[in-house]
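# Commentary on secondary and tertiary structure
Given next are the chains, with one letter for each unit.
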Amino acid sequence: MIEIDGHHLTIPDVEAVARRNEPVSLSTAGREAILRSRSWLEQILREDKPVYGINTGFGIFAEQRIKPEARDRLSRNLILSHAVATGTPFPDDIVRAAMLIRANTLTRGHSGVRIEVVQTLLEMLNRNVVPIVPEQGSLGSSGDLALLSHLALVFTTDAEDRAEESGWARFNGEVMRGKDAMQAAGLERLVLGAKEGLAINNGATFSAAIAALTLYDAENLLRTVEVALAMSLEAIMGCIEAFDARIQAARGHPGQERVAEHIRHLTAGSTLVGRAQRVQDAYSLRCAPQVQGTAWDTFEFVSRIIEREINAATDNPLLFEGGTVLSGGNFHGEPVGMAMDFLGIAMAEVAAISERRIFRLTDGKLNGGLPPMLVDLPDAAGLNSGLMMPQYTAASLVLENQTLAHPDSVHSLPTSGEQEDHNANATTAARHARQIVLNTAHVIAIELYTAARALDLRLRQYPDARLGKGTREAYSLLREYVPYQAGDAWWGPEIEKVRILVQEGLFAQF
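Now for a look at the structure at hand.

Attention shifts here to unusual backbone geometry. Omega for the peptide link from Ser141 to Ser142 comes to 5°, which places this bond in the cis form. Within the secondary structure layout, Ser142 lies in the loop between strand E5 (134–136) and helix H6 (145–155). Although it is not a glycine, Asn172 sits at a positive phi angle of roughly 50°. Positionally, Asn172 belongs in the loop between strand E7 (168–171) and strand E8 (174–177). The exposure class assigned to Asn172 is exposed, which follows from its relative accessible area of 54%.

Overall, the coordinates contain 31 salt bridges when judged by the stated rule. Note that Asp161 and Arg189 form a salt bridge whose closest N and O atoms lie 2.7 Å from each other. With a gap of 28 residues between them, Asp161 in the loop between strand E6 (156–157) and E7 and Arg189 in the loop between helix H7 (178–184) and strand E9 (190–191) connect regions that are remote in the sequence. Judged by its relative accessible area of 26%, Asp161 is partly exposed. Between Arg258 and Glu300 there is a salt bridge, with its nearest N and O atoms 3.4 Å apart. With Arg258 in helix H11 (residues 254–266) and Glu300 in helix H13 (residues 288–309), this residue pair connects regions lying 42 residues apart in the sequence. Look at Arg258 and you get partly exposed, because its relative accessible area is 30%. Glu300 sits in the partly exposed class, given a relative accessible area of 33%.

Here the focus is helix H2 (residues 28–47). Under the 1.5 Å per step criterion, the end-to-end length of H2 is 29 Å for 20 residues, consistent within 8% with the ideal 28 Å. Asp48 occupies a position one or two residues after H2 and carries a positive phi of about 55°.

Below, the discussion takes up the environment of Glu355. Looking at the secondary structure, you find Glu355 in helix H14 (residues 334–362). Apart from residues lying up to four places away in sequence, Glu355 is in contact with Gln391, Ala394, Ala395, Val398 and Val443.

Strands sit in the order E4-E7-E8 across an open sheet of 3 strands; the sheet is antiparallel. With partners counted over all chains shown, the strands left at the sheet margins are strand E4 (129–131) and E8, one partner each. The sheet shows a mean angle of 35° between the axes of neighbouring strands, taken without regard to direction. Strand direction decides the pairing type here: E4 and E7, joined by 3 bridges, are antiparallel. Counted as the bridge partner of Val129 is Phe171 from E7. Its contacts with the sheet place helix H4 (residues 92–107) against E4 and E7, and it is angled at close to 100° to E4.

Side chains Ala169 and Phe171 project from E7 onto a buried face, and the interleaved Trp168 and Arg170 project onto a face without burial. Looking at chain direction, E7 and E8 are connected through 4 bridges and run antiparallel. Along E8, the bridge assignment pairs Phe171 with Glu174. The hairpin turn running from E7 into E8, its antiparallel successor, is 2 residues long, and Asn172 in that turn takes a positive phi close to 50°.

As for its position among the elements, Asn202 is in the loop between helix H8 (196–201) and helix H9 (205–235). Those residues in contact with Asn202 that sit more than four places away from it in its chain are Arg102, Ser142, Leu145, Leu148, Thr314, Asp315, Asn316 and Phe331.

Rules of the game
All residue numbers refer to positions counted from 1 along the written sequence of the respective chain. Only residues with pLDDT of at least 70 are given local features in this predicted model, and only at 80 or more are side-chain atom pairs given and counted; all residues enter the totals for whole chains, interfaces and linings. Calculated side-chain values reflect all of the structure's heavy atoms, with hydrogen atoms and water omitted. Runs of E in the DSSP output that reach at least two residues are strands. Runs of H or I that reach at least four are helices, and both are numbered from the N terminus. Note on exposure labels: buried denotes an accessible area under 20% of the residue type's maximum, exposed denotes more than 50%, and partly exposed covers the range between, all computed with a 1.4 Å probe on protein chains only. Salt bridge, as used here: a side-chain nitrogen of Lys or Arg that lies within 4 Å of a carboxyl oxygen of Asp or Glu. What a helix should span is 1.5 Å times the count of its residues minus one. The criterion used for residue contact is that any of the two residues' heavy atoms lie within 4.5 Å. We treat two strands as partners when DSSP finds at least two bridges between them. Axes here mean lines fitted to C-alpha atoms, for a helix over just the part in contact, with angles spanning 0 to 180 degrees between N-to-C directions.

Laid out in C-alpha cells, this is it:
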C-alpha cells in the first residue's frame, strides 16, 4: 500500500500504481492538510471578498463576480467547457499516473478541496476505473486544462446527472460511459463546490505523469544500452583502454565514469576485447562513455525536477494559513517541458550512437573481418540479405527521434485574450520524449540482436575465445528466447521478442 501525503511521492511509486495496480491510500498527515486547507476556503467564502477562481470567473473573466448560489455551477461549467481535447486516448498507465499525481497535489494542502475529492480519485485507482483522455489539446499552461477536464467528467456531476456529460471510462477493461463506470465500481460521483473544478484541472499533471513514467523507462534503457555496448565492443574486438578509469577521472563527469565502470565490469575476463590490436576505435565505441554518460547526467537532473513536480501544489490560487489567498503561476508547465526536452535530446543521442554501432557491426569493411551484413552461410551473400534491414529500421527510428528531439518548450502561442501570453507546451514535450524513449528501446533491441549474431560468428572464428562475465550472461539470456538462425529468416518477430525483454528490464540486471 502506497500512502500519499503531498510531499514524498516517488517516480517508482507512480510506476507501481500506474502499471502494477499497487493500492494507494491517504496518509493521516495528508488528511489533516486537506481538512486544514478546506477550513481556510470556508473562511474565505464566509467573508465573501472577491477571490479569483473561488467567487470570480476565470481567465479574461476574472473580474466577474459569481453569486454564492452559482458557485457549484461555476465549477461544473469549467469542467464541461474545458473538456475539448482530441486525438488518440492516452494509455491507461498515463491516466492512472495523472490521477495519482493530481490526488497527491491536492493532498499537499493548498487547494481547498473537500477530502471526498481526493478519496474518490484514490478509490477509482484502487477499483480500476480509468477515464479515457485524448492526448492532444494542452499547452501545458494553465496546466493540462483540457486533459484534466476529461478526467473530471467521469467522477464529477451536477443536479441533472446526465450520462452523456460524464465522459468515457474503462472499468476492468470494458469501455463505458463515465457515469456507468462509477456505478459499476460502486463509487459516488461528486457535485463540485467552490474552487474544486479549478483545483482539479489547473496544473501540468498529465505532463508530469508522462514525464514520470518516461523517466522510469529511460533509466532501464540507460542500463540496457551499456550491455548492448559491451556486447558490440567484444564482437568487434574493440579497445578496452578507452574505458580506463583514469581517462574518465581526468574529465570528472559522474555519468561518464559510471558507464566506463559498467563496461569494465561486463567485459571482465573477455579474451575478445583488444584482440584486433587496433590503436583506437571509432567514436561510437571509444566515446560511448562520454555520450551515454551525459545521458545519465541529464537523466539525474531531469529526475530531480520531476520528483519535485509530482509533489508540488500546482493550481491557482493557493490557500495559506489564516485564509491568505495568493494568485500566482504554479500551474505553468515550463519546468516539465524544458526538462523533457532535455531528456528527449539525451535519449535521442543514446539511440543515435547505438545505431552507429549496429551499422559498424553489419559493414564488412568496418566490423573486423566478419561477413557483410553478418550473412552466415557460405556463398550466401546476395541470396541472403542478412541483417541489412534491421539496421535500416534502426536508422529510420533515429531519424524520427532527431525530429522529435527538437525542443517544444521554446514554442509558444498566446491564448485567453492575451492573458495567457506565454505558454509552456509542456505536454507536447513530454509526449515527444516518451515517443523517443519508445523508439530508443527498439533501436537498443536491434543492437543487442545484431551484437549477439556477431558474437556467434566471432566465436566460430576463435573457438578458444571467452566472453566477459556480464556479456556472456546477457548473450545467454537473449539466445534462451531467440535461438540462432544461420540463413535469412523473419527477423522482425525475433527482434520484437528482444524489445519486450528490454522493456521488461531483463538486460538491465547485468
